[in-house]
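# Descriptive analysis of the structure
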Amino acid sequence: MMDLLIKNGTIVTANESYIGDLAVDGGKIAAIGKNLSYSSAKTIDASGMLVLPGAIDAHTHLAMPFGGTVSADSYLAGTRAAACGGVTTVFDYPMQRKGKGILETVEARKEMCDPEACVDYAFHCIVTDLNDGALLDEFQAAADYGITSFKCFLVYKKEGMMVDDATLIKVLLKAKEVGAITNIHAENPDVIDMNIEKFKKEGKTSPWYHYMSRPEFVEAEADKRAVHWAKSVEAPLYIVHMADKEGLEAAVLAKRQGHDIYIETCPQYLEFTCDVYNREDGRNFVCSPPMKGVESQKALWEAVKNGTIDTIATDHCPFMSYEKDWGKDDFTKIPNGCAGVENLYPYMLSAANEGIISFNRAVELCSTNPAKIFGCTQKGSLTVGKDADIVIYDPKKAFTISVSNMHSDYDHTIWEGKMLSGYPVQTYVRGTLVYDNGAFVGKAGYGQFVKRSPRTV
Ligand code: DUC
Ligand code: ZN
Ligand code: ZN
């Protein structure tokens, strides 16, 4: 007797699509095949629907202290929204601070997250200070705990989050040694600060100058520097939220040369350009790195299509309107970040439904690749034995994104009015229904910590 039988759907993996049945038992995928005839506690007819692996959003900032406040989505609200957008695992970013260890940092966030999580969750740990080298001794314990990725900011110098190049190299090498990977936010802080000072003196304080103070070349320099160091010390590198053409090209070249380099971009960089900063509500789009020009946007889409971008994640970090309004007359006072966790999979699947990419590619980018890169061995694919993290998707359902039909705590979204073709109708996490046709039906605390495996390459 199975727990769940999904009949007659089009099963989509990163490599193929075929009509079949899928059986779930004990939270795992128990069987996949044609005309499965198990008796089951629950059977659904998925004729005309796609059956997809749940998405993995490898980049969120939930309840993150940032920009003089805390991001608007708690672990509960953010993971509830995730469930309703077909995301079955989120990767959040706890931030280690000077004098603190990795495990105490991660465990403190795990304590916050565990009672609230509605979907499964993993952590990348941001490293901001090596505590005179002592922190490096903790990398192995962190990897054993299931934290097999660390992150360095090459920016946010004044905020005390940036690491210098020597620290970056130490992290790259130590991460490699323990079977982990280093994630990088690449922008050049000195050039940004110089630009900000200049624009402020000139009275140029509208959101457009957020973009102008961190344009393409500011990101490109740091992307190239990160690629340079990763190549030089032969360590794996994952560049988060790639948003510029020049940096993208440098990373793609290094990949083609055989280096262990991975590239993430986000839906906001695919959908919008820097023109948004001239809108009346431009401050709501302020995030770092900012949206870039149309040449970068085109290059990112090309890389999404041709396979050189590895993952799409969101950098989900919403703030309330009143917080964004702090920067009405001064872009430097706008907390950086936008909402996205609930929009990731529907956006990429809509692109597939419109024929821009294949559904297989959407699955690869949003689920299979992040699972592989970050050691989630039980996730990322509809395969017998893996977790039954499943999305049922109706390709005929039209959907218009609005803050009123999202499931987070924020009060506005940059995605307002975006029309999508096709939409998820059900989400299952380890075989349990958590989203059903517009409604969250999961439970806070159901989500489990994903203990990740070390890299084997
Ligand atoms: N950028 C953002 O826009 N928000 C959170 C962190 C970051 O790097
Ligand atoms: Zn970032
Ligand atoms: Zn981020």
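Every value quoted in this text rests on a predicted model; they were computed, and no experiment measured them.

Right, let's get into the coordination of the zinc ion (ligand 3). Each protein donor to the zinc ion (ligand 3) is listed here as H59 (NE2), H61 (NE2) and D315 (OD); together their distances run 2.0 to 2.1 Å. The sequence pattern describing where the donors of the zinc ion (ligand 3) fall on their chain is H-x1-H-x253-D. Between the two metal centres, the zinc ion (ligand 3) and the zinc ion (ligand 2), the spacing is 3.2 Å. Of this pair, H59 sits in strand β6 (residues 55-60) while D315 is found in the loop between β16 (311-312) and α11 (321-324), placing the two residues 256 residues apart along the sequence. The exposure class of H59 is buried, given its relative accessible area of 0%.

If you trace the backbone, T265 turns up in strand β15 (residues 261-265). Among the residues examined, T265 registers a relative accessible area of 0% and is labelled buried. Spatially, the C-alpha atom of T265 lies 9.7 Å from that of W301, the residues being 36 residues apart in sequence. Those residues in contact with T265, other than ones at most four positions away along the chain, are H241, M242, L270, L300, V304, I309, T311, I312 and A313. Only 2.7 Å separates the side chain of T265 from the backbone oxygen of M242, close enough to count as a polar contact.

Another aspect to go through is the domain arrangement of the protein chain. What the domain assignment lists for the protein chain is domain 1 (4-52 + 389-406 + 415-438) and domain 2 (54-373). Domain 1 and domain 2 are separated by 28 Å when their C-alpha centres are compared. Taken together, the contact pairs 29 residues of domain 1 with 30 residues of domain 2. Counting the surface lost from both domain 1 and domain 2, the interface buries some 2,300 Å², and carbon and sulfur atoms represent 61% of this. Here R430 ties to D120 by a salt bridge, and the two come within 2.7 Å at their closest N and O atoms.

Bringing the site of ligand 1 into the picture now. Residues in close proximity to ligand 1 include H61, F66, F153, Y156, H185, C287, S288, D315, C317, N336 and G337, which together make up its full environment. The side chain of H185 places a nitrogen or oxygen atom 3.1 Å from an oxygen atom of ligand 1. One nitrogen or oxygen atom from the main chain of S288 is found 2.9 Å from an oxygen atom belonging to ligand 1. Computed on the free molecule, ligand 1 has an accessible area of 240 Å², of which 100% lies beneath the protein chains in the complex. Along the lines of polarity and charge, the residues of the shell around ligand 1 split into 5 nonpolar, 5 polar and 1 charged.

Let us look at the nonpolar core. In this structure, F139, F150, Y277 and M348 are the most contacted members of the largest nonpolar core, which totals 139 residues. Lining this core are residues from two domains, each supplying at least three of them: domain 1 (4-52 + 389-406 + 415-438) and domain 2 (54-373). Listed in part, the 17 residues of the second largest apolar core include L22, I44, V51 and A388.

Here is what the cut-offs are and how they apply
Note on numbering: residues in each chain are counted from 1, in written sequence order. To label them, take the chains in the order written and letter them from A, then take the ligands in the order written and number them from 1. Side-chain atom pairs in this predicted model are given and counted only at pLDDT of 80 or more, local residue features only at pLDDT of at least 70, and totals for whole chains, interfaces and linings cover all residues. Side-chain numbers here rest on the full set of heavy atoms in the structure, without hydrogens or water. We call an atom a donor if it is N, O or S and sits within 2.8 Å of the metal, or 3.2 Å for Na, K and Ca. Water is not counted, so some sites may look partial. A helix here means a DSSP run of H or I that spans at least four residues, while a strand means a run of E at least two residues long, and both kinds are numbered starting from the N terminus. Exposure categories follow from relative accessible area, calculated using a 1.4 Å probe and restricted to protein chains: below 20% of the type maximum is buried, above 50% is exposed, and the middle band is partly exposed. Contacts are assigned to residue pairs with any non-hydrogen atoms lying within 4.5 Å of each other. We define a polar contact as two N or O atoms separated by no more than 3.5 Å, with the added condition that, inside protein, one atom must be a possible hydrogen donor and the other a possible acceptor, whereas residues neighbouring each other in sequence contribute only through side-chain atom pairs. Domain start and end points were adopted from an automatic or database domain assignment. Put simply, buried area is the surface a 1.4 Å probe can reach on two separate parts but cannot reach once they are joined, added for both. Just to be clear on terms, a salt bridge is a Lys or Arg side-chain nitrogen sitting within 4 Å of an Asp or Glu carboxyl oxygen. Residues are counted as near a molecule or strand when any one of their heavy atoms sits within 4 Å of it. Residue-level accessible areas treat just the shown protein chains as cover; the underlying method is Shrake-Rupley with a 1.4 Å probe. Three categories are distinguished: nonpolar for Ala, Val, Leu, Ile, Met, Phe, Trp, Tyr, Cys and Pro, charged for Asp, Glu, Lys and Arg, and polar for the others, with Gly belonging to the last. Residue types Ala, Val, Leu, Ile, Met, Phe, Trp, Tyr and Cys, when buried and joined through side-chain atoms within 4.5 Å, form a set referred to as a nonpolar core.

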